[in-house]
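Residues per chain are reported as follows:
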Amino acid sequence: MAEPNSPPLADAALAAFVEAVRQDPGPPARAVGAAALRRAQRLRVDARPPGPEIDRVEDLTVGAGAVGTRLYRPSPTARPLVVFLHGGMWTIGDLESHDRACRRLALTTGTAVLSVDYRRAPEHPWPAAVDDCVDVIRWAATGGGSSAGIGGPTVVMGDSSGGNLAALACLRLRDEGGPLPAAQILVCPNTDLTLSCPSARTKATGWGLATDDVAWGAEQWVPDPARRADAAVSPLSAADLSGLPPAVVVTAEHDPLRDEGNAYAARLAAAGVPVRHRWEAGMVHGFLTLDTVSPAAAAAGDRVFADVADLIARLG
């Protein structure tokens, strides 16, 4: 079921990209499998222009669980820290897939960015990825970054399934008594693994991310279908969202995950959490990594980065 009279895409370049995907969508994720999807993603990453030069980039192993990370520093001086959690349906995505986005984030916000190489499904189903993300946030929020020259507040940011992990990490840390990150930035987040919101049907195909591919990823990460409605995997199911860090939630008009992101922003606000929610008109899922495809996608990413910089400035 499609939405009637669907508004146009944000620019001609994005429209051409989406049309090309419609003409040749490729086989569904469940027919390909994680290993082949990862190889295909690596080829796409290799074909993109490299990210901008930055003062210092180093791979680190941090936290009690020795989680792999990559630290981006725009200057030698101590900076606030953004813990970044990449998207990829809990099964693909890695430090390389979001390297360009993390470089742009660090340079435009003036923050240090710590990208997390969390464990992925199906080799490592839930809760492994949440465990890794909580471990890294706890390490950073308790001063672990001081040895790497990082100071100031720590915020967590995630896109797509990374937004799901960021929200889940905040909920777990709240329930465990902290330490909480100073803020959470959720970009096109998965908040309902049951995919029950209307946009999962009205935007199911033809917009660059297929709902069935997301469903396959959820099946890999949470094999038990009865568990996918649990608050431990679907933050929209949480009974209480109070006491969570201030949030920026960004959703995209032509995204099957749009409505669950909108609903989570509304529930955070209703629970008394300060929320800045922006709906990106004419935009599709995954725009943070489409900056070389579409000027409008690049501008949407820049708006997210401006939100991050403004939020950190307000935190003092």
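Up top is the structure.
Fair warning: this is a prediction, and the values are worked out from it, not measured in the lab. (Residues numbered from 1 in each chain as written. Predicted model: local features only at pLDDT ≥ 70, side-chain atom pairs only at ≥ 80, totals over all residues. Heavy atoms only, no water.)

1. So, the overall build of the chain
Argument step 1. Within the chain, the regular secondary structure consists of 10 helices and 8 strands.
Argument step 2. Taken against the 2.2 N^0.38 rule, which gives 20 Å for 316 residues, the C-alpha radius of gyration of the chain at 18 Å falls within 12% of a compact globule.
Argument step 3. Dimensions of the chain, computed from the C-alpha atoms along their principal axes, are close to 50 × 45 × 35 Å.
Argument step 4. Here the chain holds 316 residues, and the buried ones make up 54% of them.
Argument step 5. Summarising the internal contacts of the chain: among those between residues at least 6 apart in sequence, 79% fall at separations of at least 24. (Helix = DSSP H or I, 4+ residues; strand = E, 2+ residues; numbered from the N terminus. Rg over C-alpha atoms; globule rule 2.2 N^0.38 Å. Buried < 20%, exposed > 50% of the residue type's maximum accessible area, 1.4 Å probe, protein only. Contact = heavy atoms within 4.5 Å.)

2. Quick notes on the packing of aromatic side chains
Argument step 1. According to the stated counting rule, one finds 1 aromatic pair in the structure shown.
Argument step 2. Aromatic pair W90 and W221: ring centres 5.2 Å apart, planes at 5 degrees, arrangement stacked. Taken together, the positions of W90 in the loop between β3 (81–85) and α4 (99–109) and W221 in helix α8 (residues 211–221) put the pair 131 residues apart, joining distant regions of the chain.
Argument step 3. You can call W221 buried: its relative accessible area is 1%.
Argument step 4. The ring of W207 has R22 sitting right over it, with the charged end atom 4.5 Å from the ring centre.
Argument step 5. In this structure, K203 is placed above the aromatic ring of W207, and the distance from its NZ or CZ to the ring centre is 4.1 Å. (Phe/Tyr/Trp six-rings, centres within 6.5 Å; stacked < 30°, edge-to-face > 60°. Lys NZ or Arg CZ within 6 Å of the ring centre and 35° of its normal.)

3. A few points about the packing of helix α5 (residues 128–141) against helix α6 (residues 161–175)
Argument step 1. The geometry of α5 relative to α6 is characterised by a closest axis approach of 9 Å and an angle of 65 degrees between their N-to-C directions. With respect to each other, α5 and α6 are oriented roughly perpendicular. α6 is crossed by α5, and the crossing has right-handed handedness. Facing A129, V130, D131, C133, V134, I137 and R138 of α5, the residues of α6 in contact are L165, L168, A169, R172 and L173.
Argument step 2. Split into classes, the residues belonging to the contact of α5 with α6 amount to 9 nonpolar, no polar and 3 charged. (Axes fitted to C-alpha atoms, helices over the stretch in contact; angles between N-to-C directions. Parallel < 35°, antiparallel > 145°, perpendicular 65-115°, else oblique. Left-handed = near helix turned anticlockwise from the far one by under 90°. Nonpolar A, V, L, I, M, F, W, Y, C, P; charged D, E, K, R; others polar.)

4. Quick look at α8
Argument step 1. With 8 of 11 residues buried, α8 lies mostly within the body of the structure.
Argument step 2. Buried within α8 we find T211, D213, V214, A215, W216, G217, A218 and W221.
Argument step 3. Looking at the packing, one finds that the buried side of α8 touches α2 (29–32), α3 (34–47), α5, α6 and α7 (199–202).

5. Things to note about the side chain of T91
Argument step 1. Residue position: T91 is located in the loop between β3 and α4.
Argument step 2. The residues touching T91, leaving out its near neighbours within four places in the chain, are R38, R120, A121, W216, G217 and Q220.

6. As for the state of the cysteines
Every disulfide links exactly two cysteines, by a covalent bond between their sulfur atoms.
Argument step 1. Across all of its chains, the model carries 0 disulfides by this definition.
Argument step 2. In this structure C102 is a free cysteine whose sulfur lies 13 Å from that of C133, the closest cysteine sulfur available.
Argument step 3. For the unlinked cysteine C188, the closest cysteine sulfur is that of C197, found at 14 Å. (Disulfide = S-S within 2.5 Å.)

7. Focus: α3
Argument step 1. If you check α3, its first and last C-alpha atoms are 20 Å apart, about what 14 residues at 1.5 Å a residue would give, namely 20 Å.
Argument step 2. What α3 keeps buried is the set A34, L37, R38, Q41 and V45. One side of α3 carries all its buried residues, which in axial view fall inside an arc of 100 degrees. Facing away from the buried side of α3, by more than 90 degrees, are the exposed residues R39, L43, D46 and A47.
Argument step 3. If you follow the buried residues of α3, they end up packed against α2 and α8. (Expected span 1.5 Å × (residues − 1). Arc of directions from axis to C-beta.)

8. Focus: the nonpolar core
Argument step 1. With 48 residues, the main nonpolar core has L165, W221 and Y264 as its most contacted residues.
Argument step 2. Secondary-structure elements contributing two or more residues to this core are β2 (67–73), β3, β4 (112–116), α5, α6, α8, β7 (247–254) and α9 (258–270).
Argument step 3. The next biggest cluster of nonpolar side chains, apart from the first, holds 34 residues, and it includes Y72, V250, V304 and I312. (Core = buried A, V, L, I, M, F, W, Y, C linked by side-chain atoms within 4.5 Å.)

9. Observations regarding the environment of L71
Argument step 1. Its location among the elements puts L71 in strand β2.
Argument step 2. For the pair L71 and F84, spaced 13 residues apart in the sequence, the C-alpha separation amounts to 9.9 Å.
Argument step 3. Not counting the four nearest positions on each side in its chain, L71 is found in contact with R56, V57, E58, L60, L81, A112, V113, L114, A148 and I150.

10. Some words on the pairing of strand β8 (residues 275–284)
Argument step 1. Strand direction decides the pairing type here: β7 and β8, joined by 7 bridges, are parallel. The residue bridging A247 from the neighbouring strand is V275, located in β8.
Argument step 2. Running through α9, the crossover from β7 to the neighbouring parallel element β8 is right-handed. (Pairing = 2+ DSSP bridges. Right-handed = clockwise from strand over helix to strand, strands pointing away.)

11. Re the pattern of salt bridges
Argument step 1. Within the structure shown, the criterion is met by 24 salt bridges.
Argument step 2. Connected through shared salt-bridge partners, R276, R278, E280, R303, D307, D310 and R314 make up one network. (Salt bridge = Lys/Arg side-chain N within 4 Å of Asp/Glu carboxyl O.)

12. With respect to the pairing of β4
Both faces of the sheet carry side chains from a regular strand, because those side chains alternate between them.
Argument step 1. By the criterion of burial, β4 is predominantly enclosed, with 5 of the 5 residues buried.
Argument step 2. With burial as the criterion, each face of β4 is covered, one bearing A112, L114 and V116 and the other bearing V113 and S115.
Argument step 3. The sheet contact formed by β2 and β4 spans 4 bridges and is antiparallel. The residue of β4 that forms the bridge with R70 is S115.
Argument step 4. Pairing between β3 and β4: 5 bridges, direction parallel. If you follow V82 over to β4, its bridge partner there is V113.
Argument step 5. Assessed by its sense of winding, the connection that carries the chain from β3 through α4 to β4 is right-handed.

On their own, these measurements won't tell you what the molecule is for.
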